[in-house]
Every structure is written in C-alpha cells, then in structure tokens.
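Analysis of the macromolecular model
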Amino acid sequence: QVMQAQWTVLEDALASGQTRAIGVVNYCERALRCLAKTWKVAPAVNYIMLHVGMGPDAHGLRSFGESLGIKTFAYGPFGEPTPARKLIDSPVLQRIAASNGRSVAQIALRWVVQSGAAVSVRPT
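Residues numbered from 1 in each chain as written. Predicted model: local features only at pLDDT ≥ 70, side-chain atom pairs only at ≥ 80, totals over all residues. Heavy atoms only, no water.

A sheet is described by the order of its strands in space; here four strands give the open sequence β1-β2-β3-β4, paired in parallel fashion. Strands with a single pairing partner mark the edges of an open sheet, and in this sheet they are β1 (24-25) and β4 (118-119). Bridge count for strand β3 (residues 71-75) against β4 is two bridges, and the pairing is parallel. When the bridges of β4 are listed, A74 appears paired with V119. (Pairing = 2+ DSSP bridges. Helix = DSSP H or I, 4+ residues; strand = E, 2+ residues; numbered from the N terminus.)

The following block contains the structure:
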C-alpha cells in the first residue's frame, strides 16, 4: 500500500506537469505487480543493475517490465559498486576486446547498449 500511495503522488506530479516522466529504481517483478494493481500510468523506466555477466534478461526482469511497457535503464555495466574483477578479467571479454581493438570496459558498455537498454556509468 505504501508503494501504491507513493506512486499515486508521482502520477499526480506527472498529471500536473511537474515532471515529464516517472519511473522506479530496482523494482523486482513482485513490486511491479503491486504497482500495476492501481497505477494509472506505468513507470517509464526501471533503473536496474545490468551487465554482461548477468545475461540479457537478468532474472527475467527486463522481459517482464517490457511486457508492461517499462523500459530498462541500466547502471553498473562493469559491476557495482566498483568494477567487478570477474568482468574486467574475463578471458572471453578480453579476447573480444583484443580482436576489436577496444578495452574490456568498452565491450561491456557496448553490450548493454546493443541489448537495447539505456545505460549510465559512474565517473571514476
């Protein structure tokens, strides 16, 4: 009920022109289902961690959200809260990077973008 009440406030802000879009951060399928019971407007985005080590549909969350019209906005394309050694040292990513004249970080970032998600990165 708390999430639904909070979402109603965001919907009101959207309706009154105080914002152009509303979204959620780290909402799992259960939380999205809870919101969906009462929403008038679906979230524009779900801001979630997504990186190449998670696969293109982490926990089925992308496909579930997108079935409701919610876009995925990814953070942590190199892992969180700092770059994950497992990704940076991945022999597969290193091989792809070397064969394309790119860094592993560039390959990891490109993977997220090519998967169709918007992405943000932290400054170093």
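For the coordinates displayed, the defined rule picks out zero disulfides. Considering cysteine sulfurs only, C34 is the nearest to C28, which forms no disulfide, with 9.5 Å between them. The partly exposed category is assigned to C28, whose relative accessible area is 41%. (Disulfide = S-S within 2.5 Å. Buried < 20%, exposed > 50% of the residue type's maximum accessible area, 1.4 Å probe, protein only.)

Turning our eyes to something else, we now look at the nonpolar core. Ranked by size, the top nonpolar core spans twelve residues in total: W7, I22, V24, Y27, A31, L32, L35, W39, I48, L61, F64 and I70. Elements with a minimum of two residues in this core: α2 (29-36) and α3 (61-67). (Core = buried A, V, L, I, M, F, W, Y, C linked by side-chain atoms within 4.5 Å.)

Here we come to the packing of aromatic side chains. Counted under the stated rule, the structure contains two aromatic pairs. With a centroid separation of 5.0 Å and 90° between ring planes, the pair formed by Y47 and F73 is classed as edge-to-face. Taken as a pair, Y47 in strand β2 (residues 45-49) and F73 in strand β3 lie far apart in primary sequence, 26 residues in all. When its relative accessible area of 26% is taken as the criterion, Y47 is described as partly exposed. Judged by relative accessible area, F73 falls into the partly exposed class, the value being 28%. Relative to Y75, the ring of Y47 has its centre 5.0 Å away and its plane inclined at 45°; by these criteria the two rings are tilted. One end of the pair, Y47, is in strand β2; the other, Y75, is in strand β3, with 28 residues separating them in the sequence. (Phe/Tyr/Trp six-rings, centres within 6.5 Å; stacked < 30°, edge-to-face > 60°.)

Here we come to α2. Quick reminder: α-helices carry 3.6 residues per turn. Residues three or four places apart thus point the same way. Here α2 has its buried residues at A31, L32, C34 and L35. Relative to the axis of α2, the buried residues are bounded by an arc of 155° and lie together on one face. Its buried side turned inward, α2 meets α1 (2-15), β1, β2 and α3. (Arc of directions from axis to C-beta. Contact = heavy atoms within 4.5 Å.)

Considering the arrangement of structural elements, one finds I48 in strand β2. Given the relative accessible area of 5%, I48 is considered buried. Between the alpha carbons of I48 and L61 there is a distance of 9.2 Å; along the sequence they are 13 residues apart. Excluding its chain neighbours within four sequence positions, the residues that come into contact with I48 are N26, L61, R62, T72, F73, A74 and Y75.

Read these as layout, nothing more, since geometry by itself doesn't imply function.
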